[in-house]
Amino acid sequence: MNIRNLIDKLAQNHTLKKEELIYIIENINDEDRKYLSQKASSLRDKYYGNKIYLRGLIEFTNYCKNDCYYCGIRKSNKNADRYRLTLDQILECADIGHALGYSTYVLQGGEDPYFNDDRIVEMVKAIKAKYPNCAITLSIGEKSYESYKKYYDAGADRYLLRHETANEEHYRKLHPENMKLSNRIQCLRNLKEIGYQVGAGFMIHSPYQTSETLAEDLLFLKDLNPEMVGIGPFIPHHDTQFKDEPAGTVEETTLMLSLIRLMLPTCLLPATTALGTIDPVGREKGFDAGANVAMPNLSPTSSRKKYELYDNKICTGDEAAECRHCIENRINIAGYVLDMSRGDNVTWIRK
């Protein structure tokens, strides 16, 4: 097999066979990486130009009922400094974001039973009442179809739910027995059916991950056809059983970003905080590989360090304004244009 030919085939057909994806992952060299990145960037530019969309991230609770083995806020981590933002605090974050020009808020938290459907609906409605033209993304885990529908009817537009791995055996090695891959996939299908812009995704170089599981992830994404894909390098947390596992690399992550862009040309693809954590210019390298979203933090500085999914997370102390202007400056220097609009997926129409 010839890697350039496979890249051309993927760019044209937006899919490859599993063994072809594995071959690229295991055999690509530096020159072919550059070629792949150029193809991915070109395809992104076709649909979105050289725009980078900013989302304002509000991490409103770090309580979680789950015990995912890789996560710093897993329920059994007794060292986690737990917090919950009040509705007033959440609205204050939104006010700060609005003043800085944000049109999208990402409300992210652990699966916290305190934030029941009524509280989530209240939160969404309150933000929409103040800023009716904004987009709201929720990232709060596995819920019932009925719950997802309530949030959508309240005004939520997007939902992020990383599938983490499409391989059943791999999923079991990362999660406790009470968590099921089949349920997570059903949640993603439900979200699509309701009408959300849906985001799936996975960690790069998570423990027990192989070239085969990565290929399965890519093919799962192709089948699901989400409007957004969130991927980033695995970074170990010191209070988990994977604390001594190696982190994912920029090279591995940007390879996946480019492959996803060629498979899902119109997807919204963040260069994540985790990518910026493992490399000072990691996010810029993500943009060069085909990404087109960044998510600066609007959370109160007092809580940012507490939302520690992994070690050494960046932007835990910056004020929201500093964070936003720092990223804008870096986006411009990297040759991209900041876009503060809602930045919807070009294929999406709200039902």
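Preceding this section is the structure that the text describes.
Each value, and the rule that gives it
Residues numbered from 1 in each chain as written. Predicted model: local features only at pLDDT ≥ 70, side-chain atom pairs only at ≥ 80, totals over all residues. Heavy atoms only, no water. Pairing = 2+ DSSP bridges. Helix = DSSP H or I, 4+ residues; strand = E, 2+ residues; numbered from the N terminus. Phe/Tyr/Trp six-rings, centres within 6.5 Å; stacked < 30°, edge-to-face > 60°. Lys NZ or Arg CZ within 6 Å of the ring centre and 35° of its normal. Buried < 20%, exposed > 50% of the residue type's maximum accessible area, 1.4 Å probe, protein only. Right-handed = clockwise from strand over helix to strand, strands pointing away. Core = buried A, V, L, I, M, F, W, Y, C linked by side-chain atoms within 4.5 Å. Contact = heavy atoms within 4.5 Å. Polar contact = N/O pair within 3.5 Å; in protein donor to acceptor, adjacent residues only side chain to side chain.

Caption draft 1: Inspection of the sheet that holds strand β11 (residues 337–339) at higher detail. One open sheet accounts for three strands, arranged β10-β1-β11; its pairing is parallel. At either end of the open sheet lies a strand with only one pairing partner, and these are β10 (293–294) and β11. Bridge count for strand β1 (residues 51–54) against β11 is three bridges, and the pairing is parallel. Bridging from a neighbouring strand, Ile-52 pairs with Leu-338 of β11.

Caption draft 2: Geometry of the packing of aromatic side chains. For the coordinates displayed, the defined rule picks out nine aromatic pairs. Every member of this aromatic cluster is reached through a ring pair, and the members are Tyr-148, Tyr-152, Tyr-159 and Tyr-196. Above the ring of Tyr-114, the side-chain terminus of Arg-119 is found at 3.9 Å from the ring centroid. Of note, Arg-350 hangs over the ring of Tyr-152, and the distance from its end group to the ring centre comes to 4.0 Å.

Caption draft 3: Highlighting unusual backbone geometry. In this model, His-205 sits at a positive phi of 70 degrees, which is unusual for a non-glycine residue. Counting through the fold element by element, His-205 comes out in the loop between β7 (203–204) and α9 (211–224). For Asn-225, which is not a glycine, the phi torsion comes out positive at approximately 55 degrees. In this structure, Asn-225 sits in the loop between α9 and β8 (228–229).

Caption draft 4: Summary view of the pairing of strand β2 (residues 56–61). Burial runs high along β2: six of the six residues are buried. Assessed by its sense of winding, the connection that carries the chain from β2 through helix α4 (residues 87–99) to strand β3 (residues 104–109) is right-handed.

Caption draft 5: A look at the sheet that holds β8. Taken in spatial order, the six strands line up as β2-β3-β4-β5-β6-β8 in an open sheet, and their pairing is parallel. Of all the strands in the sheet, the pair left with one neighbour each is β2 and β8. Sheet topology places strand β4 (residues 135–139) next to strand β5 (residues 158–160); two bridges connect them, and they run parallel. From the neighbouring strand, Thr-137 faces β5, where its bridge partner is Arg-158.

Caption draft 6: Spotlight on the nonpolar core. In this structure, Leu-138, Tyr-151, Tyr-196, Met-256 and Ile-260 are the most contacted members of the largest nonpolar core, which totals 103 residues. The leading source of residues in this core is helix α10 (residues 250–263), at eight residues. Dropping the residues within four chain positions of it, Tyr-196 is found in contact with Tyr-148, Tyr-151, Tyr-152, Ala-156, Asp-157, Arg-158, Tyr-159, Leu-191, Glu-227 and Trp-348. One finds Tyr-53, Val-106, Leu-160 and Val-293 within the second-largest nonpolar core, a separate group that totals eight residues.

Caption draft 7: Structural context of the side chain of Arg-304. Mapped onto the secondary structure, Arg-304 falls in helix α13 (residues 301–304). A relative accessible area of 1% means that Arg-304 is categorised as buried. Within the structure, the side chain of Arg-304 is placed 3.1 Å from the backbone oxygen of Asn-297, a separation counted as a polar contact.

Caption draft 8: Up close: the environment of Ala-166. By the secondary structure assignment, Ala-166 is in the loop between β5 and α7 (168–174). On a C-alpha basis, the gap between Ala-166 and Leu-221 in space is 8.9 Å, while along the polypeptide they are 55 residues apart. In contact with Ala-166, not counting residues within four places along its chain, are Leu-181, Glu-216, Asp-217 and Phe-220.

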